[in-house]
Amino acid sequence: QRLKAAVHYTVGCLCQEVEEDKDVQFSKQSIAAISEITFRQCEIFAKDLEMFARHAKRTTVTTEDVKLLARRSNSLLKYITQKSEELASSNMEQKEKKKKKSSVAKRERTPGEQEAAVTENEDSNMA
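Residues numbered from 1 in each chain as written. Predicted model: local features only at pLDDT ≥ 70, side-chain atom pairs only at ≥ 80, totals over all residues. Heavy atoms only, no water.

Draft legend 1. Representation of helix α2 (residues 28-55) within the structure. For α2, which comprises 28 residues, the first-to-last C-alpha distance of 41 Å matches the rise-based estimate of 40 Å (1.5 Å per residue) to within 8%. Those residues of α2 that fall on the buried side of the exposure criterion are Ile-31, Ser-35, Phe-39, Leu-49 and Ala-53. Looking at the buried residues of α2, the elements they touch are α1 (2-22) and α3 (63-69). One or two residues past the end of α2 sits Lys-57, with phi positive at roughly 60 degrees. (Helix = DSSP H or I, 4+ residues; strand = E, 2+ residues; numbered from the N terminus. Expected span 1.5 Å × (residues − 1). Buried < 20%, exposed > 50% of the residue type's maximum accessible area, 1.4 Å probe, protein only. Contact = heavy atoms within 4.5 Å.)

What follows is the structure, encoded as structure tokens:
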């Protein structure tokens, strides 16, 4: 119910923006109808995404599943692909920063601390 109410609120806000931009009016019934259709379509999307992941023998929905879902809308597919690539490059940059920080931290250790870290790693590898 809370999710449905959130969808209804968001649709109402979007309709208000369109009213201001296009100088049109939306009745409460039309906003409710758009909200209901949007909610039902989101439920269908969720089930489809779940099925795509299950078909691939995964339990997690990936960006590839979302791209498959959006394949019929070229503009949406292009947008999702672009955002996916931006996120991937951002994640790569963060990983590189972490690697640099950890390698700097290793170099700053005293020889005794380095030896203890190596021994700790060997102990954890044996377990």
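Back to the write-up after that little detour.
Draft legend 2. How the structure looks around the packing of α1 against α2. The interhelical angle for the contact between α1 and α2, taken along N-to-C directions, is 125 degrees, at an axis separation of 9 Å. As summarised for this structure, α1 and α2 are arranged oblique, according to the angle between their axes. In this structure, α1 meets α2 at a crossing whose hand is right-handed. Residues Leu-3, Lys-4, Val-7, His-8, Val-11, Gly-12 and Cys-15 of α1 lie in contact with α2, whose contacting residues are Ile-31, Ala-32, Ile-34, Ser-35, Glu-36, Thr-38 and Phe-39. By residue class, the composition of the contact of α1 with α2 is 8 nonpolar, 4 polar and 2 charged. (Axes fitted to C-alpha atoms, helices over the stretch in contact; angles between N-to-C directions. Parallel < 35°, antiparallel > 145°, perpendicular 65-115°, else oblique. Left-handed = near helix turned anticlockwise from the far one by under 90°. Nonpolar A, V, L, I, M, F, W, Y, C, P; charged D, E, K, R; others polar.)

Draft legend 3. Local environment of a positive patch on the surface. A cluster of basic residues, Lys-95, Lys-97, Lys-98, Lys-99, Lys-100 and Lys-101, forms a positive patch at the surface. Along the chain, the position of Lys-100 falls in helix α4 (residues 74-108). (Patch = residues over 30% accessible without salt bridge, like charges linked within 9 Å, V, L, I, M, F, W, Y side chains within 5 Å. Areas by Shrake-Rupley, 256 points an atom, 1.4 Å probe, with all protein chains shown as cover. Salt bridge = Lys/Arg side-chain N within 4 Å of Asp/Glu carboxyl O. Lys, Arg positive; Asp, Glu negative; His and termini not counted. Charge placed at Lys NZ, Arg CZ, Asp CG, Glu CD.)

Draft legend 4. Structural context of the nonpolar core. In terms of nonpolar packing, the biggest core is built from 5 residues, these being Val-7, Val-11, Cys-15, Ile-31 and Phe-39. Elements with a contribution of two residues or more to this core: α1 and α2. Looking at this core element by element, the count peaks at 3 residues for α1. Residues contacting Val-11, with those up to four places away along its chain left out, are Ile-31, Ile-34, Ser-35 and Thr-38. (Core = buried A, V, L, I, M, F, W, Y, C linked by side-chain atoms within 4.5 Å.)

Functional significance is not addressed by these values, which are geometric in nature.
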